[in-house]
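Chains, contacts and geometry: an overview
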Amino acid sequence: MDAASQIAQNAQEIAQNIELAQKSASKRLQRRRQQLTYQASAIAATTGVGALAILATYYKFVYHMGGSSDAAAAAFPWADMAGTLALVVGGVVGMEMWARWAHKALWHDFQPGWALHKSHHEPRIGPFEANDVYAIMNAVPAIALCLYGFLTPTMTGSLCFGAGLGITLFGIAYMFVHDGLVHKRFPTGPIAELPYMKRVTVAHKLHHSEKYNGVPWGLFLGPQELEAIGAGPELDRLVEELEARSGAPSRK
């Protein structure tokens, strides 16, 4: 190869490398913009819903105490408050159980459900995906329960209000852990370093790998699902590899 040919080849390689670098930079910029868009949506939704929930809880009990001067009539409804708190916890736990069942039965095995959910198992184009519709669908019963509970000054109303708040809290937590921490749709900060969150992250990635026929179907109790089918050692190994890559000390 003469000198002119060598120079032309080198120039071509340099041009190709520059083009690849530009495409890589463009993809990183695009991904960053998508993360910021989803992060802004997540923060706005969490702030708005959280503020509304706090105000609604306050005014529900203050309003239903009534304006009577009679001490008994104006007493704080502690029983109603206890019922609300119990159903908040029940709503959170119940949603994990519901999500585990619905994820398999309705989103994977049921073809109309899979038509939307499959977007979550494919490369995403843009900050949102068709699967996000399920978040809106789950918000409908939460809003209905909270509204009914807010307007109904009885124990039944308090229980419904608590269930609605529980569903709402689960939805917020799910968004930050599933969308942010696991799928990196926006940065989540220090929660990524929590030991149990690492197990949740790895467990959900195993769901996407379909190594255990889709198990785990739940999110927050995903590690327990894997342990129940004998996949605990695999989970431990992958968590150790994750910690090794991130420079974190092993938990063993």
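Residues numbered from 1 in each chain as written. Predicted model: local features only at pLDDT ≥ 70, side-chain atom pairs only at ≥ 80, totals over all residues. Heavy atoms only, no water.

**Some points on the overall build of the protein**
Along the backbone of the protein there are nine helices and zero strands. Each helix and strand of the protein, placed in order from N terminus to C terminus, yields the pattern α-α-α-α-α-α-α-α-α. Burial statistics for the protein: of 252 residues in total, 35% are counted as buried. For the protein, the share of sequence-separated contacts (at least 6 apart) that also reach a separation of at least 24 residues comes to 55%. Surface summary for the protein: the accessible area is close to 14,700 Å², and the carbon and sulfur share equals 67%. (Helix = DSSP H or I, 4+ residues; strand = E, 2+ residues; numbered from the N terminus. Buried < 20%, exposed > 50% of the residue type's maximum accessible area, 1.4 Å probe, protein only. Contact = heavy atoms within 4.5 Å. Areas by Shrake-Rupley, 256 points an atom, 1.4 Å probe, with all protein chains shown as cover.)

**A few points about the confidence of the model for the protein**
In regions of low pLDDT, the predicted coordinates are not meant to be interpreted in detail. Looking at the protein as a whole, its pLDDT mean stands at 86, while 84% of the residues score no less than 70. When mean pLDDT is compared element by element in the protein, helix 8 (residues 222-228) scores highest at 97, while helix 2 (residues 71-74) scores lowest at 53. (pLDDT = per-residue confidence, 0-100.)

**Some details on the side chain of H178**
Turning to its location among the elements, H178 is positioned in helix 6 (residues 155-182). Within the local environment of H178, its side chain forms a polar contact with the side chain of D179, the two groups lying 2.6 Å apart. Residues in contact with H178, not counting those within four places in the same chain, are H120, H183, H204 and L219. (Polar contact = N/O pair within 3.5 Å; in protein donor to acceptor, adjacent residues only side chain to side chain.)

**Here's the deal with the pattern of salt bridges**
For the structure on display, the rule yields 13 salt bridges. Ionic pairing is found between R199 and E227, a salt bridge with its closest N-O pair at 3.0 Å. A residue pair is termed long-range when its members are at least 10 positions apart, and R199 in helix 7 (residues 195-209) and E227 in helix 8 qualify at 28 residues. Using a relative accessible area of 19% as the deciding quantity, one classes R199 as buried. Linked through salt bridges whose partners overlap, the residues forming this network are R124, E129, D132, D179 and R185. (Salt bridge = Lys/Arg side-chain N within 4 Å of Asp/Glu carboxyl O.)

**Overview of the environment of Y212**
Inspection of the secondary structure puts Y212 in the loop between helix 7 and helix 8. Taking C-alpha positions, Y212 is 8.4 Å from A231, a pair spaced 19 residues apart along the chain. Setting aside anything within four residues of it in sequence, one finds Y212 in contact with L206, L226, I229, A231 and E234.

**Digging into a nonpolar patch on the surface**
Together, V89, V93, M97, Y196 and L221 make up an exposed nonpolar region whose accessible area comes to about 410 Å². Tallying contributions element by element places helix 3 (residues 78-105) first for the nonpolar patch, with three residues. Considering the arrangement of structural elements, one finds V89 in helix 3. Judged by its relative accessible area of 53%, V89 falls in the exposed class. (Patch = residues over 30% accessible without salt bridge, like charges linked within 9 Å, V, L, I, M, F, W, Y side chains within 5 Å.)

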